[in-house]
Amino acid sequence: MLRTALFNTTRCAARPTLLARQALRPTYQVLARYESSKANDALKAARKAKDKLQKDWQGPVLTYEQVKPKSLSPSADAYLIDVREPDEVMQGSIPSSVNLPLSVLANSFHLTPQAFKAQHGFEKPGKQQEVVFYCRSGMRSASACDIARRNGYENILNYEGSWLEWTSREGGGKGSTA
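Residues numbered from 1 in each chain as written. Predicted model: local features only at pLDDT ≥ 70, side-chain atom pairs only at ≥ 80, totals over all residues. Heavy atoms only, no water.

Student: I'd love a proper account of the overall build of the protein, names of residues and values included.
Tutor: Tallying secondary structure elements over the protein gives 10 helices and five strands in all. The 178 residues of the protein split such that 30% are buried. A fraction of 63% describes how many contacts in the protein between residues 6 or more apart in sequence connect residues 24 or more apart. As displayed, the protein offers around 11800 Å² of accessible surface, 57% of which is attributable to carbon and sulfur atoms. (Helix = DSSP H or I, 4+ residues; strand = E, 2+ residues; numbered from the N terminus. Buried < 20%, exposed > 50% of the residue type's maximum accessible area, 1.4 Å probe, protein only. Contact = heavy atoms within 4.5 Å. Areas by Shrake-Rupley, 256 points an atom, 1.4 Å probe, with all protein chains shown as cover.)

Written out as structure tokens, the structure reads:
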């Protein structure tokens, strides 16, 4: 690299027209590097706000002991949503839960309440209502919480133990169906 730079400068010195052309070229790399290290406060604030919006969100986590009463006495103001696919739900589900697969969750939140009910068979949760998500092991339910938050839902909870913990504590699969 150093040899190339030295060779180019000596060659340019021999040709004044080439030297003049190189002097007119803007040095973007140096300018961009200088500007990025001296970003103003407004730009930093905008980047921080963008990062905050794009950051994955961790909702409050529920335990088995907290979910068990919700399944025994369901409330009209709270939803227990299973985000597994329908073929997984055939193995069983937590009593009083409804199925809304993660694969259709984001699109379903954009449906009108009438279209939502027609497609899924239950009322669309309100943005203020309590919504508890669970899946098989807790990974998809965390993603569902993030999707719900990005769609304006505020009272979102994640049953992190999910179906695996439920079956180990309840002692069964198919018998736990709602």
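Back to the text.
Student: Got a sec to walk through the packing of aromatic side chains? Specific residues and values, please.
Tutor: Enumeration according to the criterion identifies four aromatic pairs in this entry. Ring centres of tyrosine 79 and phenylalanine 122 lie 6.0 Å apart, and the angle between their planes is 45 degrees; on these two criteria the pair is classed as tilted. A residue pair is termed long-range when its members are at least 10 positions apart, and tyrosine 79 in strand β2 (residues 78–82) and phenylalanine 122 in the loop between α8 (113–120) and β4 (130–134) qualify at 43 residues. For phenylalanine 122, a relative accessible area of 9% puts it in the buried group. Look at phenylalanine 116 and phenylalanine 122: their rings are 5.3 Å apart centre to centre, the planes differ by 85 degrees, and that puts the pair in the edge-to-face class. (Phe/Tyr/Trp six-rings, centres within 6.5 Å; stacked < 30°, edge-to-face > 60°.)

Student: Can you lay out the sheet that holds strand β5 (residues 156–159) for me, pointing to particular residues and giving the numbers?
Tutor: Within a sheet, neighbouring strands are paired by backbone hydrogen bonds and run either parallel or antiparallel to one another. Strand order in the open sheet formed by five strands is β1-β5-β4-β2-β3, and the pairing between neighbours is parallel. Only two strands of the sheet have a single neighbouring strand rather than two, namely β1 (61–62) and β3 (98–99). In this fold helix α9 (residues 139–150) packs onto β4 and β5, with an angle of close to 175 degrees to the strand it touches most, β5. (Pairing = 2+ DSSP bridges. Axes fitted to C-alpha atoms, helices over the stretch in contact; angles between N-to-C directions.)

Student: Outline the state of the cysteines, listing residues and values.
Tutor: What the rule picks out here adds up to zero disulfides. In this structure cysteine 135 is a free cysteine whose sulfur lies 9.5 Å from that of cysteine 145, the closest cysteine sulfur available. Judged by its relative accessible area of 1%, cysteine 135 is buried. Residue cysteine 145 is classed as buried on the basis of its relative accessible area, which comes to 1%. (Disulfide = S-S within 2.5 Å.)

Student: Quick one: what's the story with the pattern of salt bridges, residue by residue and with numbers?
Tutor: Counting across every chain of the model gives eight salt bridges. When the shortest N-O distance is used, the salt bridge between glutamate 65 and arginine 169 registers 2.7 Å. Placement of glutamate 65 in helix α5 (residues 64–72) and of arginine 169 in helix α10 (residues 162–170) is noted, with a sequence separation of 104 residues between them. Overall, glutamate 65 belongs to the partly exposed group, its relative accessible area being 48%. (Salt bridge = Lys/Arg side-chain N within 4 Å of Asp/Glu carboxyl O.)

Student: Can you tell me about the pairing of β5, naming the residues and giving the values?
Tutor: The alternating pattern of β5 places Ile156 and Asn158 and Leu157 and Tyr159 on opposite faces, both of which are buried. Bridge analysis of β1 against β5 gives two bridges, and the strand direction is parallel. Bridge pairing links valine 61 to asparagine 158 in β5. Taken together, the three bridges between β4 and β5 define a ladder with parallel strand orientation. Bridged to valine 131 within β5 is isoleucine 156. Crossover β4 to β5 through α9 is right-handed. (Right-handed = clockwise from strand over helix to strand, strands pointing away.)

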